[in-house]
Structure formats: C-alpha cells, structure tokens
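Understanding the architecture of this molecule
One letter stands for each residue in the lines below.
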Amino acid sequence: MATGAELAIVVKANTADAISKMEGLGGKLKGVADKAAKFGKGMTIAGGAAVAGLGLAVKSAVDFEGSMREVNTILVLGQDQFQGLSDEVKNLSTDLGVSAVDSAKALYQAISAGVPKENVIDFMTVATKTAIAGVTDTETAVDGLTTVMNAFKIPMEEAQKVADVMFTTVKGGKTTISELSASMFNVAPIASASGIAFEEVSGALATMTKQGVPTAQATTQLRMAMSAL
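Some details on the overall build of the chain
What the chain contains, in helices and strands, is 10 helices and 0 strands. Element order for the chain, N to C, with α for helix and β for strand: α-α-α-α-α-α-α-α-α-α. Within the chain, the fraction of its 229 residues that count as buried is 33%. In the chain, 60% of the contacts between residues at least 6 apart in sequence involve partners at least 24 apart. Element-wise, carbon and sulfur atoms account for 62% of the exposed surface of the chain, whose accessible area totals about 13200 Å².

Encoded structure:
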C-alpha cells in the first residue's frame, strides 16, 4: 500500500501533467479561435464586396434600361424589336469591351443625328472602334462621324471610310479624334457647299496642325479662307 508521501507525489505529478495538457489545449483553442475570427472577418469583407458589386450591377442595368428607353422615344419600337436592339447593344459593348450604358447613350446621339435604325449597329461598331483607337468616348466619335457625314452628304454605310480619313489626319498632323470631332463643325458645312471634298479638308488640317496650328483654330482659318473665296 502506498504511503501518504507517495500518494502526494503521484497526485502532484498527475496534476502537473493535467495542467500542462490543459495549457497546450488552451493554446490550440486560441489558435482555432484566432483563425475563426480572421475567417469571419474575411467573410465579412468578401460579403461586403459582393454586396457592393451586386449594387453596381443593378445600377448599371437600371441605367442601361433607362438609356435604351430614351432611344426608343425616337424609334418607337415594339417590345420585341426594342428587346432585340437592346440585346445587340449589349453584345456590341461586350465584344468591344466598353460600357453598355455609354453605348446606349451614344446610340441615342447616333439616331438623333440621322443614322437609320437599319444599320445603326454597324455604324455604332465603327464609332466604338474609332473611339477606342482614338482614346476617346463613343459619343465623341459619333459626333465627329455624323457631323462629317451629314455635312458632306456621305451615306451612313461609308462610316468606316470617314473614320479612316480622320485617322489619316491624326497620323499626318498634330491633332486627335476628339479635337477633330469638336471642331469639324467649323468648316465642314461651308466646305461641302463650296464643293471641297472631306479628304481635301482633312489634308489641309493635317498640314496646318503639323505646323503647330491648334485644330480649332485651323478649322476656323479654313472656314474664313473658303468664305473669302
């Protein structure tokens, strides 16, 4: 039979061992708790980001629908035709990597400028590519293209040809698609009335801007020269 002293030693040893194990378990539990807290925080952040992303997506969808409804105030399409046009605009924006809302707003401008609905998507494709290559927005490209095409009575099917001439002007001079789009109204109508082709106007603008004349000033000077003649 164990003596009192021996029992005391055994109990003390078992107690020490139990405390050691409890301390180790406590450390493990703390580690698990810390990981759980971090995970929960991560889930909160991720959840917040997901909610924010969903909110932006909903707003974009609402904005797109509103912009397309504005387009339809001009076209007055039936529901099926309206949905078909909306789908085409979405596909265009997806294919070219631009905002569907911006495309819808540019579409309104194109329709307002007289682009027929039968080939408006083809026109918008040219305008969007022109905007991307010219580092500007689609509405600006639509403005420039339609100004030229309406002034010079160029068929809308020839939008790509007009875009090519504008890019030739940019490459040959010191100007941009944005500057040409903003300033072409200065000279296009009188040039057309005078029987001067768009290509000739563009060539003159390339030469003048290359020599340092700002685009807006160059178009004004050309207009004054044509008026004098």
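Focus: the nonpolar core
Judged by nonpolar contacts, the single largest core of 50 residues is most densely connected at L85, L107, V120, F123, F152, M184 and V201. If we skip the residues at most four places from it in the chain, F123 touches A110, V115, V142, L145, T146, M149, M156 and A159.

Some details on helix 5 (residues 138-151)
The first and last C-alpha atoms of helix 5 sit 20 Å apart over 14 residues, in line with the 20 Å expected at 1.5 Å per residue. Looking at the buried side of helix 5, the elements it contacts are helix 3 (100-112), helix 4 (120-133), helix 6 (159-172), helix 7 (177-183), helix 8 (188-193) and helix 9 (198-210). Where helix 5 begins, one side-chain oxygen reaches toward the backbone nitrogen of E139, 3.2 Å away; that side chain belongs to D137. Count one or two residues on from helix 5 and you reach K153, which has phi positive near 55°.

A few points about the pattern of salt bridges
The tally for this structure, following the rule as stated, stands at 2 salt bridges. For R69, the salt bridge is made with E65, and the minimal N-O distance between the two is 2.9 Å. Here R69 and its partner E65 are both found in helix 1 (residues 4-75), 4 residues apart, which amounts to about one turn of the helix. What makes R69 partly exposed here is its relative accessible area of 37%.

With respect to the side chain of N72
Relative to the helices and strands, N72 resides in helix 1. Residue class for N72 comes out buried when judged on its relative accessible area of 14%. Within the structure, the side chain of N72 is placed 2.7 Å from the backbone nitrogen of L77, a separation counted as a polar contact.

A look at the packing of helix 2 (residues 79-96) against helix 3
Contact geometry of helix 2 with helix 3 gives a least axis separation of 9 Å together with a crossing angle of 125°. Viewed along their axes, helix 2 and helix 3 adopt a mutual orientation that is oblique. Helix 2 and helix 3 meet at a crossing whose hand is right-handed. Residue-level contacts link L85, V89 and S93 of helix 2 to A100, S103, A104 and L107 of helix 3. Considered class by class, the residues forming the contact of helix 2 with helix 3 number 5 nonpolar, 2 polar and no charged.

Details of the packing of helix 4 against helix 6
As a packed pair, helix 4 and helix 6 sit with axes 9 Å apart at the nearest point and diverge in direction by 15°. With respect to helix 6, the axis of helix 4 lies roughly parallel. Crossing of helix 4 against helix 6: the hand is right-handed. For the pair helix 4 and helix 6, contact is made by F123, V126, T130 and A133 and by A159, Q160, A163 and F167, respectively.

Conventions we followed
Residues numbered from 1 in each chain as written. Predicted model: local features only at pLDDT ≥ 70, side-chain atom pairs only at ≥ 80, totals over all residues. Heavy atoms only, no water. Helix = DSSP H or I, 4+ residues; strand = E, 2+ residues; numbered from the N terminus. Buried < 20%, exposed > 50% of the residue type's maximum accessible area, 1.4 Å probe, protein only. Contact = heavy atoms within 4.5 Å. Areas by Shrake-Rupley, 256 points an atom, 1.4 Å probe, with all protein chains shown as cover. Core = buried A, V, L, I, M, F, W, Y, C linked by side-chain atoms within 4.5 Å. Expected span 1.5 Å × (residues − 1). Polar contact = N/O pair within 3.5 Å; in protein donor to acceptor, adjacent residues only side chain to side chain. Salt bridge = Lys/Arg side-chain N within 4 Å of Asp/Glu carboxyl O. Axes fitted to C-alpha atoms, helices over the stretch in contact; angles between N-to-C directions. Parallel < 35°, antiparallel > 145°, perpendicular 65-115°, else oblique. Left-handed = near helix turned anticlockwise from the far one by under 90°. Nonpolar A, V, L, I, M, F, W, Y, C, P; charged D, E, K, R; others polar.

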